[in-house]
Amino acid sequence: MILIHHNPACATSRNVLHTIEAAGYAPVVINYLEQGWTRPQLLGLFAAAGLTPRTALRETKSPAAELGLLEASVSDERILDAMLEHPVLVNRPIVCSEKGVRLCRPSEAVLDLLEQWPEGPFAKEDGEIIIDAAGQRVERAGQTG
């Protein structure tokens, strides 16, 4: 089973969902902006993905700055409380599979969580090829996979 915490307004999240579906999976899709988060859910996801509230904080296109969450002195507990009140503060998409849990930014990071990949060539919605015609991952400068 694959589960994606998804924001349909986010291009990265849409690309991840499209990649999962094109690989032949029928993921469980959670629109976290509608459903919100629980403290145990976030703590479990963060622990499994090796994240902290600060590293999972969406700093742009969110109220993080207005809420004063970008200061280094702000505790993880305060950030977590704000994430529960404002679900958009959690960076996305977070994907769970048998291979692990990961914040999939950039979107091609989801390939690390999939046993099977889409047939190549495969591109993101902006046209960037992430799987070539031979079915191999296309590496970008500075990218590891």
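Source: prediction; values computed, not measured. Per chain, the residues get numbers from 1 upward, laid out in the order the sequence is written. Residues qualify for local features only when their pLDDT is at least 70, as the model is predicted, and side-chain atom pairs are given and counted only at 80 or more; totals for whole chains, interfaces and linings, by contrast, use all residues. Calculation of side-chain values draws on the structure's entire complement of heavy atoms; hydrogens and water are dropped beforehand.

Draft legend 1. Structural context of the side chain of Ser-13. Helix and strand definitions here come from DSSP, where helices need a minimum of 4 consecutive H or I residues and strands a minimum of 2 consecutive E residues; each element is numbered from the N-terminal end. Its place among the elements puts Ser-13 in helix H1 (residues 11-22). For every residue, the accessible area (1.4 Å probe, protein chains only) is compared with the maximum for its type, and the residue is labelled buried under 20%, exposed over 50%, or partly exposed between those bounds. Judged by relative accessible area, which is 0%, Ser-13 ranks as buried.

Draft legend 2. Spotlight on the pairing of strand E2 (residues 28-31). Two elements, strand E1 (residues 3-6) and E2, share four bridges in a ladder whose sense is parallel. Bridged to His-6 within E2 is Asn-31. One bridge is not enough; two strands pair if DSSP finds at least two bridges between them.

Draft legend 3. Fine view of helix H4 (residues 76-85). Among all positions in H4, only Ile-79, Leu-80, Ala-82 and Met-83 are buried. Burial along H4 is one-sided: seen end-on, the buried residues are contained in an arc of 160°. Here, residues are in contact when the closest pair of their heavy atoms is within 4.5 Å. Its buried side turned inward, H4 meets helix H3 (39-49). Directions drawn from the helix axis to the C-beta atoms are what define this arc.

Draft legend 4. Structural context of the sheet that holds strand E4 (residues 100-103). Taken in spatial order, the four strands of this open sheet run E2-E1-E3-E4, and their pairing is mixed. At either end of the open sheet lies a strand with only one pairing partner, and these are E2 and E4. Adjacent strand axes in the sheet meet at a mean angle of 15° when their direction is disregarded. Lying over the sheet, H1 contacts E1, E2 and strand E3 (94-97), oriented at roughly 160° with respect to E1. Here H3 sits on the sheet and contacts E1, E3 and E4; the angle it forms with E4, its principal contact strand, is near 95°. Under this scheme, a helix contributes an axis fitted over its contacting stretch, all axes are lines through C-alpha atoms, and angles between N-to-C directions fall in the 0 to 180 degree range.

Draft legend 5. Representation of the nonpolar core within the structure. Side-chain atoms within 4.5 Å are what join buried Ala, Val, Leu, Ile, Met, Phe, Trp, Tyr and Cys residues into a set we call a nonpolar core. If you look at the biggest cluster of nonpolar residues, it comprises 22 residues, and the most contacted ones within it are Leu-42, Phe-46, Leu-57, Leu-69, Met-83, Leu-89 and Val-90. Secondary structure elements with two or more residues in this core: H3, H4 and E3. Among the nonpolar cores identified, the runner-up in size contains 16 residues, and Cys-104, Ala-109, Val-110 and Ile-130 belong to it.

Draft legend 6. Region of the structure containing the environment of Ala-26. Note that Ala-26 resides in the loop between H1 and E2. Sequence separation of Ala-26 and Met-1 is 25 residues, and the distance between their C-alpha atoms is 8.1 Å.

Draft legend 7. Representation of the pattern of salt bridges. Counted as salt bridges are all cases of a side-chain nitrogen of Lys or Arg within 4 Å of a carboxyl oxygen of Asp or Glu. Enumeration according to the criterion identifies seven salt bridges in this entry. Here Arg-102 makes a salt bridge to Asp-112, at a shortest N to O gap of 2.3 Å. Within this pair, whereas Arg-102 is found in strand E4, its partner Asp-112 is found in the loop between E4 and strand E5 (122-123), the two being separated by ten residues in sequence. Judged by relative accessible area, which is 30%, Arg-102 ranks as partly exposed. Residue Asp-112 is classed as partly exposed on the basis of its relative accessible area of 23%. Lys-124 is paired through a salt bridge with Glu-108; the nearest N and O atoms lie 3.0 Å apart. Of this pair, Lys-124 sits in the loop between E5 and strand E6 (129-131) while Glu-108 sits in the loop between E4 and E5; the two residues are 16 residues apart in sequence, bridging distant segments of the chain. Each of the two residues, Lys-124 as well as Glu-108, counts as buried.

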